[in-house]
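Summary of the model geometry
Each chain is listed here by its residues.
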Amino acid sequence: MASSTAVVSLQTRGEPSADVDAARAFDRIETTTHSILRDAATTGLRDAAAAPVTDASGTALGDAIDGGNSDETFRNYVRLRIYLAARAKLSRTEQNLGDGVIATASLPPIEGDADSIETGLDRVKMTVGYYDGNLETGVVSVTIEDVSLTVEDGKTRETVRRTFDLTVPTTVFEMYEKSQEYERRLNAGFFEQFDAEHDLGYGYGAKFAVRQYPVSWAKTYFDRFGPKRWDRAFEPIHDSRSTEILANLAAFDVQESTFGTTDPAADRIRRERKTCFALATGYKVYDAISKQKANTSTLANTWGLNRSRLENATNRSSPGQGMQINEDTLCRATRYMMGGSEGELGDPPSIRDITERFIKKQTGKVSTGVEIPVDLFADAAYYEIRYGETVDRLRNLDDVGVEWPPESDEDAEADAAWDEANENIEQSDSIERQNMGDMSLDPDTTFAEVIDHVYDVEVDPTENVARDRLRPRAPKPSGDGWNELTDERRYEVVDPGAVDVTIEAGPSRNIEGDTWTDLRDVTVTIENELRHVRKWRRVEGRGQNATVDRTTTTATREVTFESDVDIDARHTRHTQVDDNGIEHAYERGGDVGPEGVPNFERVPRRALERVFGVDLSMQTDLEAQLDDEIDTETIVSRDDMRAITHESATFEPVILDEDENETLQSWLQDEADAIRETVKDEVPPTEAGPTAFVNDDPILVGMRENITDRKPELIYGDDPDERYADPKAKVRTEAVKIYLDNVIEWTNEFDDAATDTKNQAKDSVMGPLDSVDGEIAEVVRFAQKAIAGDVELSGDADFEGSPLYDDVAFTIDASPTYLEATTVTRTDVPAVRASGAGFTDLDDDIEHGPLVAKHDNLVLPRPGLPLVPWPGYWYATLSTWNLQVDGEYARFELRADVSDPATSEPIRYIRDNREVELELADGRMTVGSVTPIDFESDTVVAVVVPSHMKVPRGKFGIGETPGNYTGCAGPYPETGPEPSKGDCGWIKD
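Scope of this entry: the structure provided in the associated data block. None of these values were measured; they are calculated from a predicted model. (Residues numbered from 1 in each chain as written. Predicted model: local features only at pLDDT ≥ 70, side-chain atom pairs only at ≥ 80, totals over all residues. Heavy atoms only, no water.)

Observations regarding a negative patch on the surface
- Side chains of Asp55, Asp63, Asp66, Glu111, Asp113, Asp115, Glu118, Asp122 and Asp922 sit close together on the surface and give a patch of like negative charge.
- It is helix α4 (residues 114-122) that provides the largest number of residues to the negative patch, a total of three residues.
- Structurally, aspartate 922 is set in the loop between β26 (914-920) and β27 (923-930). (Patch = residues over 30% accessible without salt bridge, like charges linked within 9 Å, V, L, I, M, F, W, Y side chains within 5 Å. Areas by Shrake-Rupley, 256 points an atom, 1.4 Å probe, with all protein chains shown as cover. Salt bridge = Lys/Arg side-chain N within 4 Å of Asp/Glu carboxyl O. Lys, Arg positive; Asp, Glu negative; His and termini not counted. Charge placed at Lys NZ, Arg CZ, Asp CG, Glu CD. Helix = DSSP H or I, 4+ residues; strand = E, 2+ residues; numbered from the N terminus.)

Structural data, given as structure tokens:
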């Protein structure tokens, strides 16, 4: 058990005693010293636990133990306490071995200078089983160096220095770690449960949230849908009493998750506080639903409590005043009943029992989610395409004759709700009001334009003129000196021929769209006998003897002129549907569409009229018309032949007259309206839970997919490749496609608007909480699970104790056991002391603040933030709070009762607020401070309710009313000894 290095010094003082052997003397003192040092190590560990310094002071002693973090500082501090305990115990050890032989053991003193302290600490090495390998938890290996063993007999003094290796059982480090873990978990905010790097899934934030969220939602839903139209049962939503109770229940749960046990008084207090919560809440609910105040009998029956005992306790809680029934007296009554002389009151209901009554019973089973039907999108898309106006403008058009949005039985209340929402939005600094017109599409295509796109036929005439031979050419006169009078050269028709016209029709059926096809090929032939006439002049002689001769020459020949006019056409080049071709295109036929509205059969006639400048309305024989129109006596050249055509550029003939267009539009509107009704009947609504309105995912994905899946059949029927029977069939198909695309685009507009409001909510809520990394969606999702009872936050507490102890029993003694949102003194809690004061420095007037619960209403106070804020599309309302719970125990003791035969004293690990001084060789010096267990935990509460426009009953919105935007459950905004006074403002200010 011991190893040593010996430095021997001998001092001769006379003859040594022959009766005492020096080696045996050293063996005996070494054995004794080992036992003393083992006891000293145990004492040092216990002393360190009773005053666990984790915050080193600025003294030389504090600097020596400062390890840069609380864990290393505490380990160094334990080494120091072991050394001081060892030196103190050795100084009192002296063995008389007989015949004047004395044996002692000692360690050098530690004085208040840095070198002495560092040297002393260096003499103690420590391996801790909880942290270090090769040792089990609950075992500490300690090495103490430079222990001086001295044997003297009055004449000779012999000294050796030895190193002792010790192994001792202890739970101190496990108690230290569990206490540190407890404090870490108490400080774990709600969002830290989503941090995979820390095992805090059952920390305080989550345990508080799993209790607070159902309560917050229940109160909010009761106020939103409850019986009182204007007054609210719960103002503020997060009142002092309920927040204090839920905060303590969460703290007890964290204790149990960490230590596997709670303060022995916790069970009684939990029963008492849950009963108080049930009675106070029930009182408010009855006050809201009835003009009569609740009585003890009613409340006892509601929660299954003993009626007579509750009445007796309530009488005693308001002495001299008769039985005063209110929240305070009811809660005071529970203190008489729980374990008191009046007997058992009964088991209190769980928080879940209470909240389920709010939501399921009192609110008329209002779902926490909403259904979003396709109807409004189907209607909006239809009206915009029909009238060619954005929906926001449709409301202002008197001649449209349509109500938009469709009126409901609750229009007046819905309008009032919307007006109130807008007023609050405009007055809020944190919410940017959204332009309501942003939710309207600018319709690119109307039903009239659909008709124009299909009944759009482009005609392209191409003319080629030829002759069969050269025209005749008159010869030059015989003789010399003739000059032609070129201005008088001409061609003339000697014998005009007849006009021969042939027309070859192109295909009229099964015509593909946006493809040039032959419409008509027209050949016009004219055979004329032409005479070429040339005039000549010649001058002979000079002066008065000059003579002028004139003559004319001619030549005659038959010439044939031919004009080939190729008239091509293409149709429906701007449509969006698949081009399957039209069966009956440039002809009558087909069975789709209203009677009296033609196909494209008018196009050939109107093309011929336009190209040749004739009117075929009364006569369809183009040959006869051209024979009448063409003066063959004027056709002497190819240019003359070209002049018979009046149009050579591409043009688009008018096919439908105004009445026909209106008839087709009316039919088309009916067809699209039938599709609209089909969509409304067959596309199911989207079930949107509260999380849908605050997470990053689009809401209407399922609806869009459903419409997209139905599109082919709704647009093309059973055979998507089948030819259109006639142009009207293609008109219908085009209109249905554009309509369905617009319905889908409206769902996209909805989701875009929803994303905007989600981002507004995130910026407004999470923006002020710049130290919090989380999403509102996580809050709402967790709340839904908590309400459904699907959250499992059980702990993993497991104390290993020590293998060198047969049994270890751990006990918690927290002061105060229940953290009240008020100040306490030593009269209430004996552990209360001033900051840094020792056990004996007592002051009965010192106040201690155990708990403060603060709340901020982070977005609109009332009626909350409209999600997707557009008339007719305000589906949900969001209100959020930031709850911050600050707590501090005046004293927190973790006690381990161990089966150690050497002592009956338990190991006490004590956290409070005090400085620690240690006795050194040259006086006392502060080594550091013990910090109390305190915590600050942030929890964001987000509640989403169906809007008043979606569920038009109850109150318009949610949130706090003026005066309740911020608040504290407690008299001061701080906790701990002597809390400073002041108002509780915004948490993050």
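From this point, the discussion proceeds with the structure in view.
Comments concerning the pattern of salt bridges
- The tally for this structure, following the rule as stated, stands at 53 salt bridges.
- Notably, a salt bridge pairs aspartate 673 with arginine 676, separated by 2.4 Å at the nearest N-O pair. Taken together, the residues aspartate 673 and arginine 676, both in helix α20 (residues 658-682) and three residues apart, mark about one turn of the helix.
- With a relative accessible area of 8%, arginine 676 lands in the buried category.
- Measuring nitrogen to oxygen at the nearest pair gives 2.6 Å for the salt bridge that ties glutamate 893 to arginine 908. With glutamate 893 in strand β24 (residues 891-898) and arginine 908 in strand β25 (residues 907-912), this pair connects stretches of sequence that are 15 residues apart.
- With relative accessibility at 32%, the residue arginine 908 sits in the partly exposed group. (Buried < 20%, exposed > 50% of the residue type's maximum accessible area, 1.4 Å probe, protein only.)

Some remarks on the nonpolar core
- If you look at the biggest cluster of nonpolar residues, it comprises 234 residues, and the most contacted ones within it are Tyr204, Ile372, Tyr455, Val524, Phe612 and Phe693.
- Counting residues in hydrophobic clusters, the runner-up holds six residues, among them Val829, Ala831, Val832 and Ile846. (Core = buried A, V, L, I, M, F, W, Y, C linked by side-chain atoms within 4.5 Å.)

Quick word on the packing of aromatic side chains
- Inspection of every chain in the model, using the stated rule, returns 18 aromatic pairs.
- Ring plane angle 75 degrees and centroid distance 5.8 Å describe the contact between phenylalanine 74 and phenylalanine 173, whose orientation is recorded as edge-to-face. On the criterion of sequence distance, the pair formed by phenylalanine 74 in helix α3 (residues 70-91) and phenylalanine 173 in helix α5 (residues 172-186) is long-range, its members being 99 residues apart. Summarising the burial analysis for this pair, phenylalanine 74 and phenylalanine 173 share the class buried.
- Here the aromatic rings of phenylalanine 74 and tyrosine 176 are separated by 4.4 Å at their centres, their planes lie at 5 degrees, and the arrangement is stacked. Here phenylalanine 74 is found in helix α3, whereas its partner tyrosine 176 is found in helix α5, with 102 residues between them in sequence.
- Exposure remark for phenylalanine 74: the relative accessible area of 0% places this residue in the buried category.
- Taken together, the ring pairs in this structure connect Phe74, Tyr77, Phe173, Tyr176 and Tyr909 into an aromatic cluster. (Phe/Tyr/Trp six-rings, centres within 6.5 Å; stacked < 30°, edge-to-face > 60°.)

So, the sheet that holds β24
- Across the sheet, three strands lie side by side as β19-β24-β25; this open sheet has antiparallel pairing. The sheet is open, and its two edges are formed by β19 (808-815) and β25, each paired on a single side. Each strand of the sheet is rotated relative to its neighbour by a mean of 10 degrees, with strand direction disregarded.
- Strand direction decides the pairing type here: β19 and β24, joined by eight bridges, are antiparallel. Residue phenylalanine 810 lies in a different strand from β24, and its bridge partner there is alanine 896. (Pairing = 2+ DSSP bridges. Axes fitted to C-alpha atoms, helices over the stretch in contact; angles between N-to-C directions.)

Remarks on α5
- The end-to-end C-alpha distance of α5, which contains 15 residues, comes to 21 Å, matching closely the 21 Å that a straight helix rising 1.5 Å per residue would cover.
- Burial analysis of α5 places 14 of its 15 residues in the buried class, which makes it a mostly covered element. (Expected span 1.5 Å × (residues − 1).)

Observations concerning unusual backbone geometry
- At the junction of serine 815 and proline 816, the peptide bond is cis and its omega measures out at -5 degrees in the coordinates.
- Positionally, proline 816 belongs in the loop between β19 and β20 (848-849).
- Even without being a glycine, aspartate 514 presents a positive backbone phi close to 55 degrees.
- Its place among the elements puts aspartate 514 in the loop between β14 (509-511) and β15 (517-540).

Points about the sheet that holds β26
- Spatial ordering of the open sheet is given by β3-β27-β26, a layout of three strands whose pairing is antiparallel. The outermost strands of the open sheet, each flanked by one partner alone, are β3 (55-56) and β26.
- Sheet topology places β3 next to β27; two bridges connect them, and they run antiparallel. When the bridges of β27 are listed, aspartate 55 appears paired with serine 929.
- Sitting on the sheet, α3 is in contact with β3, β26 and β27, with an inclination near 40 degrees to β26. (Contact = heavy atoms within 4.5 Å.)

Overview of the packing of helix α13 (residues 375-387) against α20
- Interaxial distance between α13 and α20 falls to 9 Å at its minimum, and their mutual angle equals 170 degrees. On the basis of their axis angle, the class for α13 and α20 is roughly antiparallel. Pair α13 / α20 crosses with right-handed handedness. The segment α13 lies against α20, with Asp375, Ala378, Asp379, Tyr382, Tyr383 and Arg386 engaging Gln669, Ala672, Asp673, Arg676, Val679 and Lys680.
- Broken down by class, the residue content of the contact of α13 with α20 amounts to five nonpolar, one polar and six charged. (Parallel < 35°, antiparallel > 145°, perpendicular 65-115°, else oblique. Left-handed = near helix turned anticlockwise from the far one by under 90°. Nonpolar A, V, L, I, M, F, W, Y, C, P; charged D, E, K, R; others polar.)

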